[in-house]
Amino acid sequence: MDYPEMKDRISHIIRAKNLTAAEFAIQLGIQPSNVSHLLSGRNNPSLDFVKKLKETFPEYSLDWIVLGQGPMTVSDSFRKPTSDLLPINEPETHTERHEIVDSFQGTLFDTQSIAEPKEDISAKRPQGKLEKIIFVYNDHTFEEVLPR
């Protein structure tokens, strides 16, 4: 898709994030009227606006936002053309299944033959707080979901 003017690229970001212009303004910490003036073409974006846009949505490439050049997102600049990619093999899970089965030997009702698990898998869970979930689609777009 071609977005010749910066207002078109801003509009694309708003639509891609599934936001209204007012919600977009709130996320950037600016007045909704400023966004309205930018989208109508009445005003050009200031450097302060561009900085806030990049800080709020770091996944978008600064060259694309400002100049409309290069990849739209930062991750696109690291992506190889599909023809250069080798097929990805699914990771083998046989070993993991084997360990789980081996740790519980015996029958369902034979409680004396049940072994203790080899390790506490709950200790491997991240202890931090969920920040965001990113859905990546096969058309090379993505969507961020932030917890409320």
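Preceding this section is the structure that the text describes.
### Some words on the packing of aromatic side chains
Scanning all chains against the criterion turns up four aromatic pairs. Ring geometry for Tyr3 against Trp64: centres 5.9 Å apart, planes inclined by 90°, an arrangement best described as edge-to-face. Taken together, the residues Tyr3 in the segment before helix 1 (6-16) and Trp64 in helix 5 (residues 62-67) connect sequence positions 61 residues apart. With respect to burial, Tyr3 and Trp64 carry one shared label: buried. Residues Phe24 and Phe57 carry aromatic rings whose centres are separated by 5.9 Å and whose planes lie at 5° to one another, so their mutual orientation is stacked.

### Quick notes on the pairing of strand 1 (residues 133-136)
Bridge count between strand 1 and strand 2 (residues 142-145): four bridges; the pairing is antiparallel. Directly across from Val136, in strand 2, lies its bridge partner Phe142. From the end of strand 1 to the start of strand 2, which pair antiparallel, there are five residues, and His140 there has a positive phi angle of about 70°.

### Details of the side chain of Arg9
Of note, Arg9 is situated in helix 1. Of the side chains with opposite charge, Asp8 lies nearest to the buried Arg9, which makes no salt bridge, at 6.5 Å. Here the side chain of Arg9 touches Tyr3 through a polar contact of 2.7 Å, landing on its backbone oxygen. Within polar-contact distance, the side chain of Arg9 engages the backbone oxygen of Trp64 at 2.7 Å. Residues within four places of Arg9 in sequence aside, it is in contact with Tyr3, Pro4, Trp64, Ile65, Val66, Leu67 and Gly68.

### Focus on unusual backbone geometry
Backbone geometry at Asn18 places phi at a positive 55°, although glycine is not the residue there. Here Asn18 is to be found in the loop between helix 1 and helix 2 (21-28).

### Considering helix 2
Turn by turn, an α-helix covers 3.6 residues, leaving residues three or four places apart pointing in a common direction. Among all positions of helix 2, only Phe24, Ala25 and Leu28 are buried. Buried residues in helix 2, looked at end-on, bunch into an arc of 100°, giving them a common side. Contacts from the buried residues of helix 2 go to helix 1, helix 3 (32-40) and helix 4 (47-56).

Rules used throughout
- Residues numbered from 1 in each chain as written.
- Predicted model: local features only at pLDDT ≥ 70, side-chain atom pairs only at ≥ 80, totals over all residues.
- Heavy atoms only, no water.
- Phe/Tyr/Trp six-rings, centres within 6.5 Å; stacked < 30°, edge-to-face > 60°.
- Helix = DSSP H or I, 4+ residues; strand = E, 2+ residues; numbered from the N terminus.
- Buried < 20%, exposed > 50% of the residue type's maximum accessible area, 1.4 Å probe, protein only.
- Pairing = 2+ DSSP bridges.
- Lys, Arg positive; Asp, Glu negative; His and termini not counted.
- Salt bridge = Lys/Arg side-chain N within 4 Å of Asp/Glu carboxyl O.
- Polar contact = N/O pair within 3.5 Å; in protein donor to acceptor, adjacent residues only side chain to side chain.
- Contact = heavy atoms within 4.5 Å.
- Arc of directions from axis to C-beta.

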